[in-house]
Amino acid sequence: MIVAFLAVAVIGSMVENKRFEWGVVRHYMTDPTILRGLVTTLELTALSMVIGIALGVVLAVMRLSPNPLVAGLAWVYIWLFRGTPVLVQIFFWFNIAAVYPRFGLGLPFGGPQVAHLNFTTLITPFIAGVLALGLNEGAYMAEIIRAGLISVDEGQTEAAHALGMSRLLTMRRIVLPQAMRVIVPPTGNETISMLKTSSLVSAIAVVDLLYAAQIIYSRTYEVIPLLIVASLWYLICTTVLSIGQYYVERHYARGARGQQATMLGVWLNMTDIRPFFGFRR
Amino acid sequence: MTPMVKAEAVHKSFGRLEVLKGITLEVQPGQVMCILGPSGSGKTTFIRCINHLEKINAGRLWVDGELVGYRQVGDKLHELPDREVARKRTEIGMVFQRFNLFGHMTALENVVEAPIRVKRVRKDVAVGSAKELLNRVGLADKYDTYPSQLSGGQQQRVAIARALAMNPKLMLFDEPTSALDPELVGEVLDVMRTLAEIGMTMVVVTHEIGFAREAGDVAVFMDDGVVVETGDPREVLVNPRHERTKAFLSKVL
């Protein structure tokens, strides 16, 4: 009762307080600069997560390798990228051209060049942002995926091996699909977190959602309404992600005993909205 | 005739603990060998060495005339690459104490997985023979059921069908009924008995003295990493010659 009363009071004050300027909020929700920023944020998040997950799988498998050198390499990577602030990594990749203006792949000591990249033109702020966020995310995803892999009973691997399945096939067909039940929830967390962390790239002048809002309010001084615009878009995106996560989790719950009921799950099961997201039965 | 399994002075240690202290035995094609013995005697370790789930430290182990998991160059053994070991394992079926069915697959999917992915059998062919196998172990109505919804006995019968789907020359059973409720033991033993009758070569680690006596051709009694006594099950299990066998049987029966 008290909570409901407080909620009503807060919402009421927000609606009635003229300084929130809801008209301005509505106007800027679909402003082209904001929408372009939103697309950049979504691209940054998607690309960084793809890099992070792919890298995470490789690092996790490396860490579980019986070869100490391979396992050690993965450990050092995780230690380095998890142990330094992601903002520092963003600045580092942004300035990589100052350290390595050109990148040539060839024989050392003046041998012929096999490949040649010019970092000064290649590393745009956007690429630097994706690199920094993706490589950083890889270190976190590695630990999440490793936890998933070791959660699968050893007997599953043994049974697959006894049937003549190779190590790679066993990993792909037997262990990973079952590890997904443990991997998906924290990965959803990471994606949502990435959506917001990606706003750090405004430090290297990538015009993402937050930076787009800042550009507008530095001109119009409508700070609060524009921060609300950005926040509303972030909220909409995280809501869509949560719904997507529910379906991914349900897919990997195949054969598992007892699914937990969540408020979101109950609602989604009642109001089949899958067609809207392109899911098919 | 080449023996199906031939072990020659097989040694295995886990760290400093020596579990197998020189096992020498032979299983002829079509024979059912039952290995009995107290827990910790090394019988499970030995059966796992047969398909190279455990590496052996010394000795030689052949299945159907081929070394398992190793290649011999001169006097030395070199471990084979993963792919070669996997190929050899397709000839050897294994049934585990805790079933180890793939939890994310239905009974039918469990049975067709290896034939399709490893042997490259066409899907409709694999599904056809998988259904036949599941019918044979009495699970015609459970094709689409997940392991978590099956009883222990049903799970173990799916596991047997899964191993048979690869058309193995040899079947290994590692205490197949030890994790089952007493009333479910019979249904699994029945399936194993039928297999023995149609001439499958089997090595069975078990505590089921009755099964060993009726279905077994050879009984092996192991204790403390060595074979104590080998022979006709009706002899070894009814009139054991060794004190240790006698002591074990008096506790089990």
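Every chain is numbered on its own, with residues counted from 1 as its sequence reads. Each chain is given a letter, starting from A, and each ligand a number, starting from 1, according to the order in which they appear as written. Totals for whole chains, interfaces and linings use all residues, but because this is a predicted model, local features are given only for residues with pLDDT of at least 70 and pairs of side-chain atoms are given and counted only at 80 or more. Only hydrogens and water are set aside; all other atoms, that is, all heavy atoms of the structure, feed into the side-chain values.

**Re the overall build of chain B**
Put simply, the test is: Going along the chain from the N terminus, every DSSP run of H or I of four or more residues is numbered as a helix, and every run of E of two or more is numbered as a strand. Each radius of gyration reported is based on C-alpha atoms, and the globular scaling rule is 2.2 Å times the count of residues to the power 0.38. Buried, partly exposed and exposed residues are distinguished by accessible area as a fraction of the type maximum, computed with a 1.4 Å probe on protein chains only: under 20%, between the cut-offs, and over 50%, respectively. Any two residues having at least one pair of non-hydrogen atoms within 4.5 Å are treated as being in contact. Under the counting rule used here, the positive set is Lys and Arg, the negative set is Asp and Glu, and His together with the chain ends is not counted. Each charge is placed at NZ for Lys, CZ for Arg, CG for Asp and CD for Glu.
On a plain count of helices and strands, chain B comes out with 9 helices and 12 strands. For a compact globule of 253 residues, the expected C-alpha radius of gyration is about 18 Å, and chain B comes in at 18 Å, within 12% of that figure. Its C-alpha atoms put chain B at 50 × 50 × 35 Å along the principal axes. Out of the 253 residues belonging to chain B, those deemed buried represent 56%. Here the analysis covers contacts within chain B between residues at least 6 apart in sequence; of these, 64% occur between residues at least 24 apart. Computed over 33 positive and 33 negative side-chain charges, the inter-centroid distance for chain B is 5 Å.

**Details of the packing of aromatic side chains**
Under the convention used in this document: Here a pair means two rings of Phe, Tyr or Trp (six-membered ring of Trp) with centres within 6.5 Å. Their orientation is stacked below 30 degrees between planes, edge-to-face above 60, and tilted elsewhere. Two conditions define a charge located above a ring, namely a distance within 6 Å from the ring centre to NZ of Lys or CZ of Arg, and an angle within 35 degrees of the ring normal.
Under the defined criterion, the tally for this structure stands at 5 aromatic pairs over all chains. A centroid spacing of 5.5 Å and a plane angle of 85° characterise the contact between Phe-92 of chain A and Trp-93 of chain A, whose relative ring orientation is edge-to-face. The exposure class assigned to Phe-92 of chain A is partly exposed, which follows from its relative accessible area of 45%. The ring of Trp-62 of chain B is capped by Lys-6 of chain B, whose NZ or CZ atom sits 5.1 Å from the centre of that ring.

**Comments concerning the sheet that holds strand E1 (residues 5–14) of chain B**
Within a beta sheet, neighbouring strands are joined by backbone hydrogen bonds and run either parallel or antiparallel to one another. All names here are of chain B. Short version of the rule: DSSP bridges decide pairing: two strands pair if at least two such bridges lie between them. Note on method: axes are straight lines fitted to C-alpha atoms, helices fitted across the in-contact stretch only, with angles between N-to-C directions ranging 0 to 180 degrees.
As summarised here, the arrangement of the 4 strands in space is E2-E1-E4-E5, forming an open sheet in which the pairing is antiparallel. Two strands bound the open sheet, and with one partner strand each, they are strand E2 (17–27) and strand E5 (66–67). Relative to E5, strand E4 (residues 58–63) is paired through 2 bridges, and the arrangement is antiparallel. From the neighbouring strand, Val-63 faces E5, where its bridge partner is Glu-66. Along the sheet face, helix H1 (residues 43–50) touches E1, E2 and E4 and points at about 60° away from the line of E2.

**A few points about the packing of helix H3 (residues 32–63) of chain A against helix H12 (residues 223–252) of chain A**
All names here are of chain A. Note the threshold: For classification, angles of less than 35 degrees are called roughly parallel, those exceeding 145 degrees roughly antiparallel, those between 65 and 115 degrees roughly perpendicular, and all remaining angles oblique. Definitions for this section: a left-handed crossing has its near helix turned counterclockwise from the far helix by less than a right angle. A right-handed crossing has that turn clockwise.
Interaxial distance between H3 and H12 falls to 12 Å at its minimum, and their mutual angle equals 40°. In terms of orientation, H3 lies oblique with respect to H12. Of the two possible hands of crossing, H3 and H12 adopt the one that is right-handed. Contacts between H3 and H12 pair Ile-34, Leu-35, Leu-38, Thr-41 and Leu-42 from the former with Leu-226, Val-229, Trp-233, Tyr-234 and Cys-237 from the latter.

**Regarding the pairing of strand E10 (residues 201–205) of chain B**
Residues and elements named next belong to chain B. The cut-off we apply is this: Viewed with both strands pointing away, a crossover whose connecting path from the first strand over the helix to the second turns clockwise is right-handed.
With respect to burial, E10 is a largely interior element, 5 of its 5 residues being buried. Pairing between strand E9 (residues 170–174) and E10: 5 bridges, direction parallel. By the bridge assignment for E10, Met-171 is matched with Met-202. Note that the unit made of E9, helix H6 (residues 182–197) and E10 has a crossover that is right-handed.

**Looking at the pairing of E9 of chain B**
In regular strands, side chains alternate between the two faces of the sheet. Residue and element names in this part refer to chain B. Buried residues dominate E9, accounting for 5 of its 5 residues. Here E9 shows no split at all, with Leu-170, Leu-172 and Asp-174 on one side and Met-171 and Phe-173 on the other all buried. The sheet contact formed by strand E8 (residues 92–95) and E9 spans 4 bridges and is parallel. Residue Ile-92 lies in a different strand from E9, and its bridge partner there is Leu-170.

**Concerning the pattern of salt bridges**
Residues and elements named next belong to chain B. Let me state the cut-off plainly: One side-chain nitrogen of Lys or Arg within 4 Å of one carboxyl oxygen of Asp or Glu is enough to make a salt bridge.
This structure, assessed with the given rule, holds 28 salt bridges over all chains. When the shortest N-O distance is used, the salt bridge between Glu-54 and Lys-12 registers 4.0 Å. Of this pair, Glu-54 sits in the loop between H1 and E4 while Lys-12 sits in strand E1; the two residues are 42 residues apart in sequence, bridging distant segments of the chain. For the residue pair Glu-54 and Lys-12, the accessibility class agrees, reading buried in each case. A salt bridge links Glu-214 to Arg-193; its shortest N-O distance comes to 3.5 Å. Taken together, the residues Glu-214 in helix H7 (residues 209–215) and Arg-193 in helix H6 connect sequence positions 21 residues apart. Assessed through its relative accessible area of 54%, Glu-214 is described here as exposed. The class for Arg-193 is partly exposed, based on a relative accessible area of 24%. Salt bridges sharing partners connect three or more residues here, namely Asp-64, Glu-66, Glu-84, Arg-87, Lys-88, Glu-91 and Lys-169.

**A look at the interface of chain A and chain B**
Our working rule: Contacts described as polar in this section are N or O atom pairs within 3.5 Å, which, within protein, must combine one atom able to donate a hydrogen with one able to accept it, while residues neighboring in sequence count only if both atoms come from side chains. Each residue gets one of three labels, nonpolar for Ala, Val, Leu, Ile, Met, Phe, Trp, Tyr, Cys and Pro, charged for Asp, Glu, Lys and Arg, and polar for the others, Gly among them.
Contacts between the two partners involve 22 residues from chain A, matched on the other side by 27 residues from chain B. Linking chain A with chain B are 5 salt bridges, by the criterion used here. Notably, a salt bridge pairs Arg-254 of chain A with Glu-109 of chain B, separated by 2.9 Å at the nearest N-O pair. At the boundary of chain A and chain B, one finds 12 residue pairs in polar contact (both at pLDDT 80 or more). For the side of chain A that touches chain B, a count of residues per class yields 8 nonpolar, 7 polar and 7 charged.

**Considerations on the environment of Ile-127 of chain A**
Among the secondary structure elements, Ile-127 of chain A is positioned in helix H8 (residues 125–151). Sequence separation between Ile-127 of chain A and Asn-189 of chain A is 62 residues; the distance between their C-alpha atoms is 24 Å.

**Section: the nonpolar core**
Residue and element names in this part refer to chain B. Selection rule: For the purposes of this section, nonpolar cores are sets of buried Ala, Val, Leu, Ile, Met, Phe, Trp, Tyr and Cys residues that join through side-chain atoms within 4.5 Å.
Counting 51 residues, the largest nonpolar core has Leu-134, Ile-160, Met-171, Phe-173, Met-192 and Met-202 as the members making the most contacts within it. Other than its neighbours up to four places away in sequence, Met-202 contacts Gln-31, Val-32, Met-33, Met-171, Phe-173, Met-192, Leu-195 and Ala-196. Grouped together as the second largest cluster of nonpolar side chains are 41 residues, Met-4, Phe-46, Met-94 and Ala-114 included.

**Thoughts on the confidence of the model for chain A**
The criterion, for reference: How sure the predictor is of each residue is captured by pLDDT, a score from 0 to 100.
In the predicted model, chain A carries a mean pLDDT of 86, and 85% of its residues have values of at least 70. No element of chain A has a lower mean pLDDT than helix H14 (residues 274–277) of chain A, at 56, and none a higher one than helix H9 (residues 154–162) of chain A, at 96.

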